[in-house]
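# Observations on chain architecture
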Amino acid sequence: MKKYDYLIVGAGLFGSIFAYEATKRGKKCLVIEKRDHIGGNCYTQNVEGINVHKYGAHIFHTSNKVVWDYIQQFAEFNRFTNSPIARYKDELYSLPFNMLTFNKMWGVITPQEAEAKIKEQIAQESITEPKNLEEQAISLVGRDIYEKLIKGYTEKQWGRKCTELPAFIIKRLPVRYTYDNNYFYDTYQGIPIGGYTGIFERMLDGIEVKLGVDFFTEREYYENLADKIVFTGMIDEYFGYQFGKLEYRSLRFDNEVLDMPNYQGNAVVNYTEAEVPYTRIIEHKHFEYGTQPKTVITREHSKEYEEGDEPYYPINDARNNELYAKYKELADEKSNVIFGGRLAQYKYFDMHNIIAEALECVNAHFR
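As the structure is a prediction and not an experimental result, all values here were calculated from the model.

What counts as what
Residues numbered from 1 in each chain as written. Predicted model: local features only at pLDDT ≥ 70, side-chain atom pairs only at ≥ 80, totals over all residues. Heavy atoms only, no water. Helix = DSSP H or I, 4+ residues; strand = E, 2+ residues; numbered from the N terminus. Rg over C-alpha atoms; globule rule 2.2 N^0.38 Å. Buried < 20%, exposed > 50% of the residue type's maximum accessible area, 1.4 Å probe, protein only. Contact = heavy atoms within 4.5 Å. Areas by Shrake-Rupley, 256 points an atom, 1.4 Å probe, with all protein chains shown as cover. Lys, Arg positive; Asp, Glu negative; His and termini not counted. Charge placed at Lys NZ, Arg CZ, Asp CG, Glu CD. 1 Å grid on protein atoms, 1.4 Å probe; cavity = no way out; pocket = protein on both sides within 12 Å on 5 of 7 lines; lining within 4 Å. Points joined across faces, edges and corners; volume = space filled by probe spheres on them. Nonpolar A, V, L, I, M, F, W, Y, C, P; charged D, E, K, R; others polar. Domains from an automatic or database assignment. Pairing = 2+ DSSP bridges. Axes fitted to C-alpha atoms, helices over the stretch in contact; angles between N-to-C directions. UniProt positions renumbered as here; feature names shortened; annotations may be inferred. Parallel < 35°, antiparallel > 145°, perpendicular 65-115°, else oblique. Phe/Tyr/Trp six-rings, centres within 6.5 Å; stacked < 30°, edge-to-face > 60°. Lys NZ or Arg CZ within 6 Å of the ring centre and 35° of its normal. Expected span 1.5 Å × (residues − 1). Salt bridge = Lys/Arg side-chain N within 4 Å of Asp/Glu carboxyl O.

## Quick word on the overall build of the protein
- What the protein contains, in helices and strands, is eleven helices and 16 strands.
- Taken against the 2.2 N^0.38 rule, which gives 21 Å for 367 residues, the C-alpha radius of gyration of the protein at 22 Å falls within 12% of a compact globule.
- Taken over 367 residues, the protein has a buried fraction of 52%.
- Once local pairs closer than 6 in sequence are excluded, the contacts in the protein between residues at least 24 apart make up 71%.
- For the protein, the exposed area adds up to about 17700 Å²; of that, 48% sits on carbon and sulfur atoms.
- One way to put it: in the protein the 45 positive side-chain charges average out to a point 2 Å from where the 54 negative ones average out.

## Observations regarding empty space enclosed by the protein
- Summed over the entire model, instances satisfying the criterion amount to one cavity of 30 Å³ or more.
- Size it by volume and the largest cavity reaches roughly 30 Å³.
- Of the residues contributing to the lining of the largest cavity, the split by class is eight nonpolar, no polar and no charged.

## A look at the domain arrangement of the protein
- Segmenting the protein into domains produces domain 1 (4-78 + 188-247 + 310-365) and domain 2 (85-169).
- Taking only C-alpha atoms, the centre of domain 1 and the centre of domain 2 are 36 Å apart.

## Details of the pairing of strand E3 (residues 44-47)
- In this structure, E3 lies alongside strand E4 (residues 50-53), joined through four bridges in antiparallel fashion. The partner of Thr44 across the bridge, within E4, is His53.

## Focus on the sheet that holds strand E2 (residues 29-33)
- Read from one edge of the open sheet, five strands run E9-E2-E1-E10-E16, paired in parallel fashion. Each of the sheet's edge strands pairs with one partner strand only, and the pair in question is strand E9 (208-211) and strand E16 (337-339). Shown here is a sheet whose adjacent strand axes are inclined to one another by a mean of 15 degrees, direction ignored.
- In the sheet, strand E1 (residues 4-9) pairs with E2 via four bridges, with the strands oriented parallel. Paired with Ile8 across the bridge in E2 is Val31.

## Looking at the UniProt feature "domain: UDP-galactopyranose mutase C-terminal" (unreviewed entry) in the protein
- Under the feature "domain: UDP-galactopyranose mutase C-terminal" (unreviewed entry), the UniProt entry names residues 148-348.
- Summarising residues 148-348: 21% helix, 23% strand, and an end-to-end C-alpha distance of 27 Å.

## Structural notes on the packing of helix H3 (residues 99-106) against helix H6 (residues 143-158)
- In the contact formed by H3 and H6, the axes pass within 12 Å of each other and the chain directions differ by 100 degrees. Classified by the angle between their axes, H3 and H6 sit roughly perpendicular to one another. Listed contacts from H6 to Thr101, Phe102, Met105 and Trp106 of H3 are Asp144, Ile145, Lys148 and Leu149.
- Looking at the contact of H3 with H6, its residues break down into five nonpolar, one polar and two charged.

## Some thoughts on the packing of aromatic side chains
- Taken as a whole and assessed by the stated rule, the structure comprises 32 aromatic pairs.
- Each ring, one from Phe253 and one from Tyr312, has its centre 6.0 Å from the other, and the planes form 85 degrees; the classification is edge-to-face. Note that Phe253 is positioned in strand E11 (residues 248-258) and Tyr312 in the loop between strand E14 (295-304) and strand E15 (313-314), a separation of 59 residues in sequence.
- Linked through ring pairs, Phe215, Phe216, Phe231, Tyr238, Phe239, Phe243, Tyr327 and Phe339 together constitute an aromatic cluster.
- Against the face of Tyr185 rests Arg176, its NZ or CZ located 4.4 Å from the ring centre.
- Above the ring of Tyr278, the side-chain terminus of Arg299 is found at 5.8 Å from the ring centroid.

## Some points on helix H11 (residues 351-365)
- For H11, which comprises 15 residues, the first-to-last C-alpha distance of 21 Å matches the rise-based estimate of 21 Å (1.5 Å per residue) to within 8%.
- Among all positions in H11, only Met351, His352, Ile354, Ile355, Ala358, Leu359, Cys361 and Val362 are buried.
- Buried residues along H11 sit in contact with helix H1 (13-24), strand E5 (60-62), helix H2 (65-72) and E16.

## As for the pattern of salt bridges
- Throughout the structure, instances matching the rule amount to 23 salt bridges.
- One salt bridge in this structure joins Arg87 and Asp90, with 2.9 Å as the shortest N-O distance.
- Each member of the salt-bridge network shares a partner with another, and the members are Glu21, Lys24 and Arg25.

## Here we look at the side chain of Glu134
- Tracing the backbone through its elements, the reader meets Glu134 in helix H5 (residues 133-141).
- Not counting residues up to four positions away in its chain, the partners in contact with Glu134 are Tyr146, Lys151, Cys162 and Thr163.

## Some thoughts on the layout of surface pockets
- What the second largest pocket holds in volume is close to 170 Å³.
- Every residue lining the second largest pocket is listed: Lys228, Lys328, Ala331, Asp332, Lys334, Ser335, Val337, Ile338, Phe339 and His365.
- Secondary structure elements with two or more residues in the lining of the second largest pocket: helix H10 (318-333) and E16.
- Its residues assigned to classes, the lining of the second largest pocket shows four nonpolar, two polar and four charged.

Given below as structure tokens:
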């Protein structure tokens, strides 16, 4: 008889939801987490009375009512709407591309004028079969928007020239001939009042959690503690990288506390010129309409993933997807291990996707 029904490796969204739901069903769980805090990349830390999104901006949005109702039981959400600003040199533009953007770019007033301008620019290029990301973007929105608002930002994000990136990365670019600058199309959107960490504290209340524990350093010990394992770490690491390493992009965050009440007037400002080394600046207080005397900003840098970095974005190109498929075959053979989450499924998930995945997994498992 093992001590626990479930060992859950990772206290992010997938692991925490599974632990909460399993415990509700009378199962005994142990959650282990490599970091010194729960919450995974959603973790928020209180600095100067401001809830700082430690691993980049997390804005909750979904059109799935089941997911929205589910997360509401752990927190009350405010009405925050994501309306980022793009800064190109000393020009400010509204995102996503909308009538405010087109008016600033060309002085056009009506949707008909804006549409005609974009069509004219697309026609000038005569691109029928885009060979790379640059050609794809220009064929969708024309050269002006591409040069000022897409090119530099994308090259910083990927660490490669747009002419060297495949066209499929940009399948479509949302163009709105209205003044709606809500970045997301989703029905529900907001930020949990008091930050995200409280959600995880409520989910894991009464469940045994060990922080600062690396599953791989004491693997045999932990594997023998429970009947089943829920693994939310890197799938290639779980299998000892036997087919090779999956690739990721990572991020670096430079945080700064400023002795002023308001630095940039918006939660998210993207820096779209290549010469500025960071991709965006987050001013955290604006997520919760803060009025604190100080402010906290984060400059976000995109970077190549190296050993010791946090793996943020799976690079789902053909090579990596083929490699993942081999690991997935091995994972499917493990009847006592559930692989879930962004790293274990090698797929970029937004928060609402992870909640849906975790609930689906729970429902299938406890049928």
